[in-house]
Amino acid sequence: MLRCFSLVILCSILLSSMVSARDIEQQEILFKENPQKLYTKLMRATEFPLQFSNNVEFEQAANELSYPPNELHRDLELLARLNLEAKLTSPTKYQDAELLITQLDTIASTTLEQAVVIMLKARIKGRQNQEYNQVIVEYNDALNMVNTDVSLESTLFKSTLHEQLSMLHSLLLQPTPAFSHLNRYRDIAYQLHNNYFISDAETQLGRYYNLNGDQAKSLQHYSEAFRLANSLDYPGIKAHTQLNLARTYRDLEQWDDALKYAHNAAEILQAIGQDVYLAETLTVIAMIYAGQDQWNKSIDYYLNVQQVNERMGNEIAIGLTYNNLGEAYFKLNNIQAALNVMQRANDIFRARKVEHYLVHNELLFAQINTSEGMWNEAIDHASKAIELAKKKHLNDVQTEALGYLSTAYRKTNNPNAALATVDAIIELINTSQEKSEQTNDFSELTEQKLKFELGLLQNKLQQQTAKNKYNQFIILVLILGFSIAIIVLIFIYRKFQQRNTLYLNAQRLNTIDPITQAQGYRAFIQRISTLKHTESKTLALVNINKLNNIDIQLGLTESVVLMQHFNSQFCKHLDTEVFIIRSGLIACYFDKQYDAENILHAVIECLKQLQETQFTIPNFASLSAVQHASIGHINLPLLGNPDASISAELQFETLQFALAAAMEITEQPAYVSLRPLNFAPAAVFMRPLYLNLTQALNRGIIRAESNRNTQDINWPKN
């Protein structure tokens, strides 16, 4: 009875901890999915603002609200983070954030709580003053403080820091540290086994590759994010994945797909009231039309974007849209309108000190002035663009701006200045060519890694100091535990030996065909599961029509001898491993790539030799007179991307698909070989496989080859 009671207590504790962990993760999901809803809920629950200036007053306030102090502390931290979100609508959010940060600073006692306060203080600097470099330093300080803490709260906090750091480095045009933090963000998402976080991390990586021009990897990550998002009941992440798919298809100039995903995302974002991302989506639609030189439609959407930005009061976004409008008006030769909106963008960027946007605005200004023969203005804006580009190490921008400057100097009869500008262009090009591929931010990344390692060592030192106090007790416990463990291990070892013997016997029986006692389906799956994704191999699935019922026609004894003889001949002809799937259906593994034509010839040759063999029952010669053989064939790896993997089961099902098509060909013998193109996404080889393969064939992503007319192939119905 006492044992049952203890078990109930233990289960209750475990269940409550699981519920608490799920609640914490759910809050983080709601933070990303619908911050406005979470904000309203927390404002009501905490009855913000609360009056306290120390821990005693804080605990009194928590008791009055019937709130556990640790949960109230966590909710106030979350409320402070929400007030610093751009997509949150609240007229007093920055004032509320400052009050919360001050209060949390007075009651922070644990390392995690202190790290959160450091992060919040840095975040408000970034929001109000755009002090991004200082924000990065303080974020790294907070990260170092909790680097060794493995609790769920700390893990989620580290996830937030890595996500924010990747965004900040991207904003400062530092791709290497941005990518490093993105990978850590993705690792934590997989560690948590939460599909929402994984989908979000895959989306962020897809966006990174998109910005760096690697559309294949971008599409791979976006496809995985979209697949996971579709299995979730959260409209926000579904909209975000479709928005990013729209960006990728836009960059690939697949306009119809880009518009489809962008409009789907816009509908969802408008319905759930996420104006920040709605503005981004409308901007993407405008850029899709701009990519097709439909500038009037592009301007219509930019004006809609501007209305959304003005409603939110997002000045930087307003400036970016003015910049986009300037380009569109310029393309329509409406120069005055272009100059007006460009000047508004310039005023905003200079006031907010966002030089990474200002440099591109000045460059566009110089381009417009040059095209219109406004030489003095062109000199002014080109010079400003060059100055900013030097600070940001943007060699391409410098080169383009120097070109406009050279033209302006020549048109104003200043040949010496024009020649000096040309010399500067040549020097810049030569310098760029001589530079190694190592990025400018490598030293920054190295510095950050050293800081992380230093913080880790400091934390380990503190932990070791604390553990030394308990060393004697631990040694006694270990001696006792070791003695018990030896006894238990001896008992377990004996049991393990018995079970291992049974397991090995079961494994052997599991991999062989029960009729022929040869290697079967499971052995084939195990064989190809061990392959590396970069190795060149060949798989084939051979169906010999007249052997399908040979076990019934000849009897078990004679048919086994016949099949063993055929397998032996086939192995000698092509140096292959043969696996019996069922009677007359044979799977083949080749350690190197073989053409389907060679395999077909080997099958026919083996059938001829089989007819000439004398068996106890001579009836087989008449049964197998017709060489009716069909082959499904693929070469490995199926995908050129080494990061993408396809399960052995799906590879076998792909062979079945090819074989099914080959068996439908009237003129026999026949084979069908499938070959995906290099840019084929991993989503092609996902379930439902037959449907995805049929669509891929129709779109030309997969090529089919056969010794018969491929146009007459009757593909399996999906």
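Conventions we followed
- Residues numbered from 1 in each chain as written.
- Predicted model: local features only at pLDDT ≥ 70, side-chain atom pairs only at ≥ 80, totals over all residues.
- Heavy atoms only, no water.
- Helix = DSSP H or I, 4+ residues; strand = E, 2+ residues; numbered from the N terminus.
- Buried < 20%, exposed > 50% of the residue type's maximum accessible area, 1.4 Å probe, protein only.
- Contact = heavy atoms within 4.5 Å.
- Core = buried A, V, L, I, M, F, W, Y, C linked by side-chain atoms within 4.5 Å.
- 1 Å grid on protein atoms, 1.4 Å probe; cavity = no way out; pocket = protein on both sides within 12 Å on 5 of 7 lines; lining within 4 Å.
- Points joined across faces, edges and corners; volume = space filled by probe spheres on them.
- Phe/Tyr/Trp six-rings, centres within 6.5 Å; stacked < 30°, edge-to-face > 60°.
- Lys NZ or Arg CZ within 6 Å of the ring centre and 35° of its normal.
- pLDDT = per-residue confidence, 0-100.
- Expected span 1.5 Å × (residues − 1).
- Disulfide = S-S within 2.5 Å.
- Polar contact = N/O pair within 3.5 Å; in protein donor to acceptor, adjacent residues only side chain to side chain.
- Pairing = 2+ DSSP bridges.
- Axes fitted to C-alpha atoms, helices over the stretch in contact; angles between N-to-C directions.
- Parallel < 35°, antiparallel > 145°, perpendicular 65-115°, else oblique.
- Left-handed = near helix turned anticlockwise from the far one by under 90°.
- Nonpolar A, V, L, I, M, F, W, Y, C, P; charged D, E, K, R; others polar.
- Patch = residues over 30% accessible without salt bridge, like charges linked within 9 Å, V, L, I, M, F, W, Y side chains within 5 Å.
- Areas by Shrake-Rupley, 256 points an atom, 1.4 Å probe, with all protein chains shown as cover.
- Salt bridge = Lys/Arg side-chain N within 4 Å of Asp/Glu carboxyl O.

K.L.:
Is there a simple way to explain the environment of L120 in this structure?
P.N.:
Residue position: L120 is located in helix α6 (residues 111–129). Taking the relative accessible area as the measure of exposure, L120 reaches 0% and is therefore buried. Distance from L120 to A97, taken between C-alpha atoms, is 8.5 Å for residues 23 residues apart in sequence. Not counting chain neighbours up to four residues away, the residues in contact with L120 comprise A80, R81, L84, I101 and L104.

K.L.:
Looking at this model, I keep getting lost on the nonpolar core. Mind explaining?
P.N.:
Note on soluble globular proteins: their nonpolar side chains tend to be buried together. Core analysis: the largest hydrophobic core is formed by 48 residues, its most contacted members being Y322, L325, Y329 and I368. At the level of elements, α14 (275–291), α15 (295–312), α16 (315–331), α17 (335–352), α18 (355–371), α19 (375–392), α20 (395–411) and α21 (415–434) are the ones that each hand at least two residues to this core. Here this core takes nine residues from α17, the largest share from any one element. Discounting residues that sit within four places of it in the chain, Y329 has contacts with I299, N334, A337, A338 and V341. Membership of the second largest hydrophobic core comes to 46 residues, among which are L38, L78, L100 and A122.

K.L.:
How should I be thinking about the layout of surface pockets in this particular structure?
P.N.:
Within this model, the second largest pocket holds a volume of roughly 950 Å³. Around the second largest pocket, the lining comprises 35 residues; the ones closest to its centre are S223, Y249, P681, A683 and R699. Within the residue set of the lining of the second largest pocket, elements represented by two or more residues are α11 (215–230), α12 (235–251), α13 (255–272) and α30 (689–699). For the lining of the second largest pocket, the element with the highest residue contribution is α11, accounting for nine residues.

K.L.:
I keep staring at the packing of aromatic side chains and nothing clicks. Help me out?
P.N.:
Two aromatic rings, taken as a pair, are described by how far apart their centres are and by the angle between their planes. For the structure on display, the rule yields 17 aromatic pairs. When the ring of Y208 is compared with that of Y209, the centres are 5.6 Å apart and the planes differ by 75°; the resulting orientation is edge-to-face. Judged on exposure class, the residue Y208 and its partner Y209 are both buried. Centroid distance Y289 to Y301: 5.7 Å. Interplanar angle 25°. Geometry classified as stacked. Of the two residues, Y289 is situated in helix α14 and Y301 in helix α15; the sequence distance between them amounts to 12 residues. Classification of Y289 by relative accessible area gives buried; the value is 11%. Through successive ring pairs, a cluster of aromatic residues spans Y521, F524, F579 and F652. The ring of F31 has R81 lying over it, and the distance from NZ or CZ to the ring centre is 4.4 Å.

K.L.:
Any chance you could explain unusual backbone geometry here in plain terms?
P.N.:
Only a minority of non-glycine residues have a phi that is not negative, and only a minority of peptide bonds are not trans. The omega angle of the peptide bond from L636 to P637 is 0°, so this bond is cis rather than trans. With respect to the helices and strands, P637 occurs in the loop between β4 (629–636) and α29 (648–663). Looking along the chain, the bond that leaves R687 and enters P688 is cis, with omega of 0°. Relative to the elements of secondary structure, P688 occurs in the loop between β5 (670–676) and α30. With phi around 55°, E47 is a residue other than glycine that occupies positive phi space. Along the chain, E47 falls in the loop between α2 (35–46) and α3 (55–64). Classification of E47 as exposed rests on a relative accessible area of 54%.

K.L.:
Explain the confidence of the model for the chain here, please?
P.N.:
Low-pLDDT portions of the prediction should not be read for the details of their coordinates. The predicted model of the chain averages 82 in pLDDT, with 88% of residues at 70 or higher. Low pLDDT (under 50) marks residues 436–456, which in the prediction has 24 contacts with non-local residues, meaning those over four places away or in another chain. Contacts from residues 621–626, a stretch scored under 50 in pLDDT, to residues over four places away or in other chains number seven contacts.

K.L.:
I keep staring at α13 and nothing clicks. Help me out?
P.N.:
Since the α-helix packs 3.6 residues into each turn, any two residues three or four apart lie on the same face. Taking 1.5 Å of rise per residue, 18 residues should cover 26 Å, and α13 covers 26 Å from first to last C-alpha, within 8% of that figure. Listed in full, the buried residues belonging to α13 are W255, A258, L259, Y261, A262, A265, A266 and L269. On its buried side, α13 packs onto α11, α12 and α14.

K.L.:
Please clarify how the state of the cysteines should be interpreted in this entry.
P.N.:
Here a disulfide denotes a covalent bond joining the sulfur atom of one cysteine to the sulfur atom of another. Using the criterion set out here, one finds zero disulfides in the structure. Here C606 is not disulfide-linked; the sulfur of C571 is the nearest cysteine sulfur, at 8.9 Å.

K.L.:
Sorry if this is basic, but what is going on with the environment of T106 here?
P.N.:
Position of T106 among the secondary structure elements: in helix α5 (residues 93–107). Residues T106 and S53, 53 residues apart in the sequence, show an inter-C-alpha distance of 6.4 Å. Those residues in contact with T106 that sit more than four places away from it in its chain are S53 and N55. From its side chain, T106 meets the backbone oxygen of Q103 in a polar contact 2.5 Å long.

K.L.:
Whenever I open this one, the sheet that holds β5 confuses me. Can you help?
P.N.:
In a beta sheet, neighbouring strands are held together by backbone hydrogen bonds and run either parallel or antiparallel to one another. Pairing is mixed across the open sheet formed by six strands, whose spatial order is β2-β3-β1-β4-β5-β6. Each edge of the open sheet carries a strand with a single partner, namely β2 (577–582) and β6 (702–706). The sheet shows a mean angle of 20° between the axes of neighbouring strands, taken without regard to direction. Pairing analysis gives eight bridges linking strand β1 (residues 537–544) to β4, with the strands arranged antiparallel. Residue pairing across strands places L541 opposite G632, the latter belonging to β4. Running at roughly 145° to β4, α29 makes contact with β1, β2, β3 (585–590), β4 and β5 of the sheet.

K.L.:
It is not clear to me how the packing of α2 against helix α4 (residues 69–83) should be interpreted in this structure. Could you clarify?
P.N.:
Describing two packed helices takes the angle between their axes plus the distance from one axis to the other. Where α2 contacts α4, the axes come no closer than 10 Å and their chain directions differ by 135°. One way to sum up the angle between α2 and α4 is to call them oblique. The interaxial crossing formed by α2 with α4 has left-handed handedness. For the pair formed by α2 and α4, the contact residues are P35, L38, Y39, L42, M43 and T46 on the first element and L72, D75, L76, L78, L79, L82 and N83 on the second. Counted by class, the contact of α2 with α4 contains 10 nonpolar, two polar and one charged residues.

K.L.:
Even after reading the chapter, I still don't get α16, so can you show me in this structure?
P.N.:
For α16, which comprises 17 residues, the first-to-last C-alpha distance of 25 Å matches the rise-based estimate of 24 Å (1.5 Å per residue) to within 8%. For α16, the tally of buried residues reaches 13 of 17 residues, placing the bulk of the element in the interior. N333, located one to two residues past α16, shows a positive phi value of around 65°.

K.L.:
What is the right way to read a nonpolar patch on the surface from this model?
P.N.:
Judged by side-chain polarity, L480, I484, V488, F491, I492, Y493 and F496 come together as a nonpolar surface patch covering roughly 740 Å² of accessible area. Its location among the elements puts L480 in helix α23 (residues 471–511).

K.L.:
Sorry, what's going on with the side chain of T370 here?
P.N.:
Within the fold, T370 resides in helix α18. Leave out the neighbours within four places in its chain, and T370 touches W375, A378, Y404 and T407.

K.L.:
Looking at this model, I keep getting lost on the pattern of salt bridges. Mind explaining?
P.N.:
Scanning the entire structure with this criterion turns up 21 salt bridges. K125 is the salt-bridge partner of E138, the closest N and O atoms lying 2.6 Å from each other. With E138 in helix α7 (residues 132–145) and K125 in helix α6, this residue pair connects regions lying 13 residues apart in the sequence. For E138, a relative accessible area of 11% gives the class buried. Residues participating in the shared-partner salt-bridge network are K32, E163 and D200.

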